[in-house]
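Residues per chain are reported as follows:
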Amino acid sequence: MSTLGGICISTQQIIGDPVLREQDFVCSVKPSTTRIALNDAIKNSGLFFPVDPGADASVCGMVATSASGTNAIRYGTMKENVVNLEVVLADGTIIDTKGKGRCPRKSSAGFNFTELFVGSEGTLGIITEATVKVHPRPQFLSAAVCSFPTVHEAASTVVEVLQWNIPVARIELLDTVQIQACNSYSSLNLRESPTLFIEFHGSNEKEVADQTSAVEDICKSHEALDFDSGASPDKRATLWKARHNAYYAALAMRTGARGFTTDVCVPISKLADVISETRSDLDEHEILGTVVGHVGDGNFHVILPTIEEDKTEHRKIQSFSDRLVRRALAADGTCTGEHGIGLGKRKYLREELGENTVRLMHTIKHALDPNNIMNPGKVLPEL
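Cut-offs and rules
Residues numbered from 1 in each chain as written. Predicted model: local features only at pLDDT ≥ 70, side-chain atom pairs only at ≥ 80, totals over all residues. Heavy atoms only, no water. Helix = DSSP H or I, 4+ residues; strand = E, 2+ residues; numbered from the N terminus. Rg over C-alpha atoms; globule rule 2.2 N^0.38 Å. Contact = heavy atoms within 4.5 Å. Pairing = 2+ DSSP bridges. Axes fitted to C-alpha atoms, helices over the stretch in contact; angles between N-to-C directions. Core = buried A, V, L, I, M, F, W, Y, C linked by side-chain atoms within 4.5 Å. Buried < 20%, exposed > 50% of the residue type's maximum accessible area, 1.4 Å probe, protein only. 1 Å grid on protein atoms, 1.4 Å probe; cavity = no way out; pocket = protein on both sides within 12 Å on 5 of 7 lines; lining within 4 Å. Points joined across faces, edges and corners; volume = space filled by probe spheres on them. Nonpolar A, V, L, I, M, F, W, Y, C, P; charged D, E, K, R; others polar. Parallel < 35°, antiparallel > 145°, perpendicular 65-115°, else oblique. Left-handed = near helix turned anticlockwise from the far one by under 90°. Salt bridge = Lys/Arg side-chain N within 4 Å of Asp/Glu carboxyl O. Expected span 1.5 Å × (residues − 1). Domains from an automatic or database assignment. Buried area = accessible area lost by both parts, 1.4 Å probe. Polar contact = N/O pair within 3.5 Å; in protein donor to acceptor, adjacent residues only side chain to side chain.

Chemist: Before we go on, may I ask you to explain the overall build of the chain in this structure?
Modeler: Counting secondary structure elements, the chain contains 14 helices and 14 strands. What you see for the chain is a C-alpha radius of gyration of 21 Å, in line with the 21 Å of a compact globule of 383 residues. Over its C-alpha atoms, taken along the principal directions, the chain stretches across nearly 60 × 55 × 35 Å. For the chain, the proportion of contacts with a sequence separation of at least 24, taken over those separated by at least 6, is 70%.

Printed below as a string of structure tokens:
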């Protein structure tokens, strides 16, 4: 949505096959390439692109929004997986952030322009090619589902798993309301209590079994109600499809509802408390909503099925969202872990980053886009 008029540029017709440099573990893609198309193109190489936000998004778009997803705990977010970018600036200049065709594993040459454009949400330039990391496809996979009496116990389990440095590939939390929604929408039969979906990757069966056993012991020490591991590939696919459909499952709880979603990210040490307080906030104010998240990163989402025309309810949800952000900032976290700033969270940037950092953002914006034609009105708070 444009706040100041203008034109919308689509990069969908900038096409080209992904160019894989197999021994360098990188692949270059054009804006028309989605993450599923990328993985289909390289599937015979034994490599894969792990960043999975759920939707089949354009890889270059994922760079612009600094996308993340369920695999980030092990493989990183887009920020950690972008090697080089081709970008068209506001004046038409074309740059390669690490130099044309270059893909070093590391570099200390010059400014880090690559990360400047990751997450810039179209405000600094248009990304026309991205060179991203690809990873060896795991030889062995396993999954586990574990439920808990409280959200706090589930989140505390995640913290301890990370403290023991167990290299889980995914660890997702779904609260009781979200599990109820998933059971109904995806025809599952999970215990309706706070639940962790966990996935393990390894190079051999023993490695995966050892990870599973270690995590099971930690879950039991946090009063786990059950621990179901060793899911078949079909059952594993069903679980993760249900997780990716969590948004639609939440909307299905209320006929005619639209989805209001928000996310925050907090330090791991504060995760259990902040999630528990958020769930209590929803219950106390009688707001229908679910808590679900990539908790291995300290990142979680709240999905709120709402009737847009109900102005009283809208104000109630906006107030909740504001309390959630304030809670995250008070815990030394961020107002958004992966959804981005856009319009709705600009007002929090000054509090999170500080006045001088906001002024530097404006200085960079003016240097690269002096006429303010690149996604004007977004991301940057008013001076």
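Still more ground to cover, so stick around.
Chemist: Teacher, can you tell me more about the sheet that holds strand 8 (residues 140-147) here?
Modeler: Hydrogen bonding along the main chain pairs the strands of a sheet, whether they run parallel or antiparallel. Across the sheet, which stays open at both edges, the seven strands sit in the order 11-8-10-9-13-14-12 with antiparallel pairing between neighbours. Of all strands in the sheet, those with a lone pairing partner are strand 11 (226-229) and strand 12 (258-265), marking the two edges. Adjacent strand axes in the sheet meet at a mean angle of 15°, parallel and antiparallel pairs treated alike. Here strand 8 runs beside strand 10 (residues 195-202); their pairing, made up of eight bridges, is antiparallel. Bridge assignment links Ser147 to a residue of strand 10, and that residue is Thr195. Strands strand 9 (170-174) and strand 10 of the sheet are contacted by helix 6 (residues 151-163), whose axis makes an angle of about 170° with strand 9. Across the sheet, helix 8 (residues 205-221) lies against strand 8, strand 10 and strand 11, angled at about 155° from strand 10, the strand it touches most.

Chemist: Looking at this structure, I do not really get the nonpolar core. What am I missing?
Modeler: Generally speaking, a soluble globular protein has its nonpolar side chains buried in company with each other. Ranked by size, the top nonpolar core spans 47 residues in total, and within it Leu196, Val215 and Phe300 carry the most contacts. Looking at this core, the element that brings in the most residues is helix 12 (residues 311-330), giving six residues. Apart from the residues within four sequence positions on either side, Leu196 is in contact with Ala144, Val145, Cys146, Phe148, Ala154, Thr157, Val158, Ile171, Glu172, Leu173 and Val295. Of all hydrophobic cores here, the second largest spans 25 residues; its members include Cys60, Met78, Val118 and Ala130.

Chemist: Would you mind going over the layout of surface pockets with me for this structure?
Modeler: The method is simple in principle: a probe with the dimensions of a water molecule rolls over the atoms, and the space it marks as empty is what remains. Taken as a whole, the second largest pocket spans an internal volume of roughly 1,100 Å³. Lining of the second largest pocket is provided by 34 residues; of these, Ser66, Glu115, Val118, Gly119 and Ser120 occupy positions nearest its centre. Elements with a contribution of two residues or more to the lining of the second largest pocket: helix 4 (78-81), helix 5 (113-117), helix 13 (346-353) and helix 14 (355-368). Here the element with the most residues in the lining of the second largest pocket is helix 14; it accounts for five residues. Class assignment for the residues of the lining of the second largest pocket results in 13 nonpolar, 13 polar and eight charged.

Chemist: Is there a simple way to explain helix 7 (residues 176-186) in this structure?
Modeler: Along an α-helix, residues three or four apart share an orientation, since each turn contains 3.6 residues. Within the span of helix 7, buried status applies to Val177, Gln178, Ile179, Ala181, Cys182 and Asn183. Just downstream of helix 7, Ser187 is the residue with a positive phi angle, here 55°.

Chemist: So what exactly am I meant to see when it comes to the sheet that holds strand 5 (residues 94-96) here?
Modeler: One open sheet accounts for five strands, arranged 1-2-6-4-5; its pairing is antiparallel. The two strands at the open ends of the sheet, each matched to only one other strand, are strand 1 (19-21) and strand 5. Averaged over all adjacent pairs, the angle separating strand axes in this sheet is 15°, with direction ignored.

Chemist: Just to check I follow, could you spell out the packing of helix 6 against helix 11 (residues 271-284) for this structure?
Modeler: When two helices pack together, their arrangement is given by the angle between their axes and by how far apart the axes lie. Closest axis-to-axis distance for the helix 6/helix 11 pair is 8 Å, and the angle between their directions is 155°. Considering the angle they form, helix 6 stands roughly antiparallel to helix 11. Considering how the two elements wind past one another, helix 6 and helix 11 form a crossing that is right-handed. Residues Val151, His152, Ala155, Ser156 and Val158 of helix 6 lie in contact with helix 11, whose contacting residues are Leu271, Ala272, Asp273, Ile275, Ser276 and Arg279.

Chemist: Is there a simple way to explain the pattern of salt bridges in this structure?
Modeler: If charged atoms from side chains of opposite charge come close, those side chains can pair. Applying the stated rule across the entire model yields 24 salt bridges. Where Lys220 meets Glu216, a salt bridge forms, and the shortest distance between an N and an O atom there is 3.3 Å. Placement of the pair is Lys220 and Glu216 together in helix 8, with a separation of four residues, close to one helical turn. Across the salt bridge formed by Glu355 and Arg359, the nearest N and O atoms sit 3.0 Å from each other.

Chemist: Sorry if this is basic, but what is going on with helix 6 here?
Modeler: Taking 1.5 Å of rise per residue, 13 residues should cover 18 Å, and helix 6 covers 19 Å from first to last C-alpha, within 8% of that figure. Within helix 6, the full set of buried residues consists of Val151, Glu153, Ala154, Ala155, Ser156, Thr157, Val158, Val159 and Val161. Next to the buried residues of helix 6 lie strand 9, strand 10, helix 8 and helix 11. One or two residues past the end of helix 6 sits Asn165, with phi positive at roughly 55°.

Chemist: Would you take a moment to explain the domain arrangement of the chain for this structure?
Modeler: Interface size is commonly expressed as the accessible surface area that is lost when the partners come together. For the chain, the assigned domains are domain 1 (2-136) and domain 2 (140-249). The gap between the C-alpha centroids of domain 1 and domain 2 is 30 Å. Listed as interface residues are seven residues of domain 1 and, on the opposing side, twelve residues of domain 2. Three residues, Thr70, Ile73 and Arg74, lead the burial of domain 1 against domain 2; their summed loss comes to 69% of the area buried on that side. Our enumeration of links across domain 1 and domain 2 arrives at six residue pairs in polar contact (both at pLDDT 80 or more). In terms of residue class, the side of domain 1 that touches domain 2 is built from two nonpolar, three polar and two charged.

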